[in-house]
Amino acid sequence: MGKSSGYGKVIIFGEHFVVHGVPGIVSATDAKTDAEVNKAATGIVINDERTGSKGYAEEKKQQQIESIQRMLRAIGLPADTPMSIWIGGNLPGFSGLGASAASSVAIARAISEEFGMGLSDERVNKVAYEAEKAYAGNPSGIDNTAATYGGLLWFRKNEQDGTEIVEKITMKEPAEIIIGSTGKVANTKAMVEGVAERKKQNPARYNLLFKRAEEIALEGRKALEAGDLKKLGELMDENHTLLQGIEVSSKELDLLVDVARKQGAWGAKLTGGGGGGCMTALTPGKELQEKVALAIEKAGFQVLRTKIGAKKA
Ligand code: PMV
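On a predicted model such as this, the values are computed, not experimentally measured, just so you know.

Thresholds, definitions, all that
Residues numbered from 1 in each chain as written. Predicted model: local features only at pLDDT ≥ 70, side-chain atom pairs only at ≥ 80, totals over all residues. Heavy atoms only, no water. 1 Å grid on protein atoms, 1.4 Å probe; cavity = no way out; pocket = protein on both sides within 12 Å on 5 of 7 lines; lining within 4 Å. Points joined across faces, edges and corners; volume = space filled by probe spheres on them. Helix = DSSP H or I, 4+ residues; strand = E, 2+ residues; numbered from the N terminus. Nonpolar A, V, L, I, M, F, W, Y, C, P; charged D, E, K, R; others polar. Buried < 20%, exposed > 50% of the residue type's maximum accessible area, 1.4 Å probe, protein only. Domains from an automatic or database assignment. Contact = heavy atoms within 4.5 Å. Buried area = accessible area lost by both parts, 1.4 Å probe. Salt bridge = Lys/Arg side-chain N within 4 Å of Asp/Glu carboxyl O.

Participant: Explain empty space enclosed by the protein to me, and be specific about the residues and the numbers.
Facilitator: Once rolled over the atoms, a probe with the size of a water molecule shows which space is left empty. Under the defined criterion, the tally for this structure stands at one cavity of 30 Å³ or more. In this structure, the largest cavity encloses a volume near 370 Å³. Contributing elements (two or more residues each) for the lining of the largest cavity: strand 1 (2-13), helix 3 (99-114), helix 4 (121-136), helix 5 (142-149) and helix 6 (188-201). Counted by class, the lining of the largest cavity contains twelve nonpolar, 14 polar and five charged residues.

This is the structure in structure tokens:
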């Protein structure tokens, strides 16, 4: 039996922009996806026991099968290698939390163990990137990088040659955040393609938004390193406005962002692919975190309470 796990993630700055070469900042969540792999006699059987948004498993089933086939090829095994795969863990299956990347990393590590392949983290990250293409089309790589390494990371992908810069960001003190789920399954691939299409059609307008997204990532990194949470929150708010500008927010996301701000969150934005999925809010201190979380739950939505900048995640 091979058993392993991968981290969930929350993008603090730069989702979508990061696909086009703008830096992004991502934090792993302390919640993880676990996977167990056993060699089998025939076929690939997947037993997905993750909790979270209803319909996640069904809607993403096809993409999940394709991603496992891609993964096996990237590892160097036939795409139909018989095995049984169990997926579980405490990372909710909310869309936008990097659940697909977390499961790809967990499965790749478990396959490596079960088949005695000894894959390094670097290889696991590359293999998970290949698997992510089934879910995201042209992924930046930010999700699988966070899922593999954990922590708080600066991520930049060169659009021309595909090379990546990944740097650890250190905060003096971790800060509480909440992640609210709209409960709607988002299609990241369609969202990413939509942005690329609109960017092509409105280059002048989009170039301005992309330029500001880059500045926000740079200023956001400084704020994180300096522990300037007030500035961090302001930049998150502004990042949400940019994401609305490139049309990836939704009625529900805007509503949850609004609820969080009204309850005193220091900043709030959608996180991940948008169009549904999740939002996040900066809520320093347990008390504020609980207040914001309860308000969102009272409005009928699910919430994950976590931290950014914690040593372990
Ligand atoms: O929706 P998620 O959790 O898969 O996040 C996707 C992040 C994007 O920036 C929209 C896509 C990418 O590949 O970076």
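Picking up after the structure, the text goes on.
Participant: Residues and numbers for unusual backbone geometry, please.
Facilitator: Glycine aside, the phi torsion of most residues is negative, and most peptide linkages are trans. The backbone of His16 sits at a positive phi, close to 70°, despite the residue not being glycine. The residue His16 is located in the loop between strand 1 and strand 2 (24-39) in this model. For His16, a relative accessible area of 6% corresponds to the buried category. In this structure, Glu247 takes a positive phi of about 65° despite not being glycine. Along the chain, Glu247 turns up in the loop between helix 8 (229-245) and helix 9 (251-262).

Participant: Tell me about the domain arrangement of the chain, and please be specific about residues and values.
Facilitator: You can read the domains of the chain as domain 1 (2-168) and domain 2 (175-308). Distance between the C-alpha centres of domain 1 and domain 2: 22 Å. Contact residues are listed per partner, giving 39 residues for domain 1 and 47 residues for domain 2. Interface area for domain 1 against domain 2, summed over the two sides, is near 3,300 Å², with a carbon-plus-sulfur share of 69%. Applying the counting rule to domain 1 against domain 2 returns three salt bridges. The partner of Arg221 in a salt bridge is Glu167, and the shortest N-O contact between them spans 2.8 Å.

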